[in-house]
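Chains, contacts and geometry: an overview
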Amino acid sequence: MRPLTLGRLFLRCGILAIILFFVVVIALKLGAVQVSLYGLGRDLIRVLLHQSSGISTDYGMIVVDIRLPRILLAIVVGASLSVAGTSFQALLRNPLADPYVLGISSGAAVGSILALMIESQFSLSPEFSGLITPFGAFIGAAVTIAAVYFLGRREGQIDSSTLLLGGIITASFLSAVIMFLMSTLAAGNLRGASYWMMGSLSSLPPTSLLYFLGIGFLVAAGAIYTTASDLNLLLAGEKEAMHLGVDVPRVRMVVYLAASILTGLAVSVSGAIGYVGLLVPHAMRMIFGSDHRMLLPASALGGAIALVIADTLARTVVAPSELPVGAVTALVGAPFFIYLLRRRLS
Amino acid sequence: MSSPLRTPQSSSANLSPDQPRGNPDVRLSVEQASYVYAPNPSQAPLFTLEALSFQAKAGEIVAILGPNASGKSTLLKLISGALEPLSGHVFLNGFATHALAPKIRAQRIALVQQESRLLFPSHVSEFVLQGRHAHGRGLRFESEDDITIAKNALAQVGALHLIDRWMDKISGGEKQRVILARALAQQPILLLLDEPTLHLDIGAQVDLLDSLRRLAAENRYTVLVVTHELNLTGEYADQVVLLQKGKCLRVGSPASVFQRDLLEHVFQAPLSVEMTSSGRPRVTLFSNK
């Protein structure tokens, strides 16, 4: 018998963090403009020492001002989507649950677009207007989960195939809403429909929003982590969890709100990037098992690694042009989804 | 025996400011408890469990006996605290079970259900350690004590050799024992079992009930078993609560409840009842033709 210990948790997370570091270094180096590892190291140290003025080369500008923020964005978005996926899988007791498949990301995208429209109608102060999109995305995500949850219930129980079908239909309906909003009401800078439906990390949010995103991630993921051992029991069903001492309504509410926040934050800055929340939790479960005390941090780090890799591929394979990162994740994720579905049926 | 499983008396001793409620020997007290399932208040109820009362002491095995749709599961939900009685009360050591906080309730009441569905594969050891959840705080990782208690629980049901196996790779009878071990790891004072013999062959049924008999005697658990197995009830129960269509027809010892006319009426089958030399009733069923 080897239950999880704090030491093993840190060791495994440490290994994942080291992998993430190397992936980030490679991602910084790769791109339309080649950068040497030496130059990369020198410039990064300058940034850390707040001596950015010392970086005068174009290379430095590309790495520090363009690639680095984009990679940081990929880290936060990937971690958010993976933790949200892990949470939804436990909350809905469905291993195929994922913010994108269930239409939650599309809901968040609709929320973001509506928020951007409201923002363009009223002249708001810049500090406030930066936050209105993530807030709209959160509301959109939360409303969509509630809708999908009720669509997926049959006789008081969640029916997993009804839930998935309900989610897929919701996603398709919301995509139509996005197209409708884009083609009829679009005014000002709302980005393109493909941005919201496929996801992309190419348009960088302002630095202040990036900080807000990081803090939001830590708070929401931390809240979910406090319920990690409850989630382990919730996998056996709500009634059984209750009899083992889980305060089911409280856990459900915490995870529901926090996972909505995570999805909303991610979608508001990157659109609906699919399958990260499905693929990464499953890969981590295969490696580390299904104990959420290990699975949640592993998913966060694994999601960051996966999205940095996916985004690096998105901007390098057809360089100097680039793919939406959601296309890369869907190319890998959709076949994997089919595989999981077939395995469940057999 | 000084295993950590033997704490029920000590934990029951320190939890009762309003303890002296009638007989101090009584651990579980169901007092005129009733329940009604209705889709909404204006419509006719789908099912009614009429008010019933009984009491159970420490170390006692109580069988809730009845055919399908007699209200057994509803009564179990009232006792486990999952439902609040419409009228009347269910007290465990003087506390209303439905009003206990989930954690406290899980420290005192363990429920063994027919089947435990798993979404992802899990080890037997992880599964039994789930029983320790109610005794932990927040994110606390399992302590040496928790592991000892889990191992003792597995040993008590004769399943220690399964500890490193996967839950989905063991037989139905083995799984039933592991589920029971998880309940024991909760260190409850009241052990509830919902149709525990349903998927077991005859040898495993006798095994399980022998373990329950022993556990009730050694650990002073109050054991409550929901069942429709007449002969197992006759052989193992100290007290029988006989239900039919939401009514409690009789409460008492197996010898007093197992009357031919009464059982034929409740189970709608011709049968005969004889007393064995040990004073236990034995039921034989006949064909209707």
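From a predicted model like this one, the values you see are computed outputs, not experimental measurements. Position numbers for residues count from 1 along each chain, tracking the sequence in the order it is written. The lettering of chains begins at A and the numbering of ligands begins at 1, in the order of writing. The predicted nature of this model means local features are confined to residues of pLDDT at least 70 and side-chain atom pairs, given and counted, to a pLDDT of 80 or more, with totals for whole chains, interfaces and linings taken over all residues.

**Quick word on the overall build of chain A**
Secondary structure elements follow DSSP: runs of H or I no shorter than four residues count as helices, runs of E no shorter than two count as strands, and numbering proceeds from the N terminus. Summing up its helical and strand segments, chain A has 14 helices and two strands in all. Compactness check: chain A gives a C-alpha radius of gyration of 20 Å against a globular reference of 20 Å for 346 residues, within 12% of the reference. In terms of overall dimensions, chain A has C-alpha extents of about 65 × 55 × 40 Å along its principal axes. Within the span of chain A, comprising 346 residues, buried residues form 47% of the whole. By the convention adopted here, residues make contact when the C-beta atoms placed from their backbones lie within 7 Å. Put simply, of all contacts in chain A between residues at least 6 apart along the chain, 77% involve residues at least 24 apart. For the radius of gyration, the atom set is restricted to C-alpha positions; the globular benchmark scales as 2.2 Å times the number of residues to the power 0.38. To sort residues by exposure, count the other C-beta atoms lying within 10 Å of each residue's C-beta; 20 or more gives buried, 12 or fewer gives exposed, and values between give partly exposed, all with C-beta atoms placed from the backbone.

**Description of the sheet that holds strand β3 (residues 61-65) of chain B**
All names here are of chain B. What the six strands build is an open sheet, ordered β6-β7-β8-β3-β9-β10; its pairing is mixed. Each edge of the open sheet carries a strand with a single partner, namely β6 (109-112) and β10 (247-252). This sheet shows a mean twist of 15 degrees between the axes of neighbouring strands, independent of strand direction. For two strands to pair, DSSP has to find at least two bridges joining them. Of the strand pairs in this sheet, β3 and strand β9 (residues 239-244) are connected by four bridges, and their pairing is parallel. An axis is simply a line fitted to the C-alpha atoms; with a helix, the fit covers only the stretch in contact. Between two such axes, the angle follows the N-to-C directions and lies from 0 to 180 degrees.

**Observations regarding the interface of chain A and chain B**
Each side of the interface is counted separately: chain A has 25 residues, and chain B has 26 residues. For the side of chain A that touches chain B, the element with the highest residue contribution is helix α10 (residues 238-243) of chain A, accounting for four residues. Gly counts as polar in this scheme, as do all residues outside two lists: the nonpolar Ala, Val, Leu, Ile, Met, Phe, Trp, Tyr, Cys and Pro, and the charged Asp, Glu, Lys and Arg. A per-class count over the side of chain A that touches chain B returns twelve nonpolar, seven polar and six charged.

**Quick word on the nonpolar core**
The nonpolar core criterion groups buried Ala, Val, Leu, Ile, Met, Phe, Trp, Tyr and Cys residues into a set whenever they are joined through C-beta atoms within 7 Å. Core analysis: the biggest nonpolar cluster contains 168 residues, and A:V77, A:L262, A:V308, B:I64, B:V128, B:A181 and B:L192 have the highest contact counts within it. Apart from the residues within four sequence positions on either side, A:L262 is in contact with A:S80, A:V83, A:A84, A:F217, A:A220 and A:A221.

**Focus: the sheet that holds strand β2 (residues 47-57) of chain B**
Residue and element names in this part refer to chain B. The strand order across the open sheet built from four strands is β2-β1-β4-β5, with neighbouring strands paired in antiparallel fashion. The strands lining the two open edges of the sheet, one partner per strand, are β2 and β5 (95-96). Relative to strand β4 (residues 87-92), strand β1 (residues 26-37) runs antiparallel, the two sharing five bridges. The residue bridging E31 from the neighbouring strand is H89, located in β4. Docked against the sheet, helix α2 (residues 72-80) engages β1, β2 and β4, running at close to 125 degrees with respect to β1.

**Quick notes on the pairing of strand β11 (residues 271-275) of chain B**
All names here are of chain B. As judged from the five bridges shared by β11 and strand β12 (residues 281-285), these two strands associate in the antiparallel manner. Bridging from a neighbouring strand, E274 pairs with R282 of β12. Linking β11 to β12, which pair antiparallel, is a turn of five residues; within it G279 sits at a positive phi near 85 degrees.

**Overview of the confidence of the model for chain B**
All names here are of chain B. The predictor rates its confidence in each residue with pLDDT, a number between 0 and 100. Here chain B averages 84 in pLDDT, and 90% of its residues register 70 or above. Taken together, the stretch residues 1-21 has pLDDT below 50 and engages in 33 contacts with residues farther than four places along the chain or on a different chain. Overall fold confidence for the complex sits at a pTM of 0.84, while the interface term, ipTM, reaches 0.81.

**A closer look at the environment of A:S202**
Take A:S202: it is sitting in the loop between α7 (193-198) and α8 (207-225). Remark: the alpha-carbon pair of A:S202 and A:R70, spanning 132 residues in sequence, is separated by 7.3 Å.

**Describing unusual backbone geometry**
Residue and element names in this part refer to chain B. Positive phi outside glycine occurs at A69, with the angle close to 60 degrees. One can find A69 in the loop between β3 and α2. The class of A69 is partly exposed, set by 13 C-beta atoms lying within 10 Å. Not every positive phi belongs to a glycine, and E195 is a case in point at roughly 45 degrees.

**Quick word on the packing of α8(A) against helix α11 (residues 248-270) of chain A**
Residues and elements named next belong to chain A. As a packed pair, α8 and α11 sit with axes 9 Å apart at the nearest point and diverge in direction by 155 degrees. Between α8 and α11, the angle is such that the two are roughly antiparallel. As α8 packs across α11, the resulting crossing turns out to be left-handed. Along the contact surface, α8 presents L209, L213, G216, F217, A220, A221, A223 and I224, while α11 presents V254, V255, A258, A259, I261, L262, L265 and V269. In terms of residue class, the contact of α8 with α11 is built from 15 nonpolar, one polar and no charged. Between 65 and 115 degrees an angle is taken as roughly perpendicular, under 35 as roughly parallel, over 145 as roughly antiparallel, and anywhere else as oblique. In this scheme, a crossing is called left-handed if the near helix is turned counterclockwise away from the far one by less than a right angle; it is called right-handed if the turn is clockwise.

**Here we look at the environment of B:V225**
All names here are of chain B. Relative to the elements of secondary structure, V225 occurs in strand β8 (residues 222-227). What makes V225 buried here is the crowd of 26 C-beta atoms within 10 Å. For the pair V225 and L65, spaced 160 residues apart in the sequence, the C-alpha separation amounts to 8.4 Å. When residues no more than four places from it in sequence are discounted, the contact partners of V225 are I61, A63, L193 and P196.

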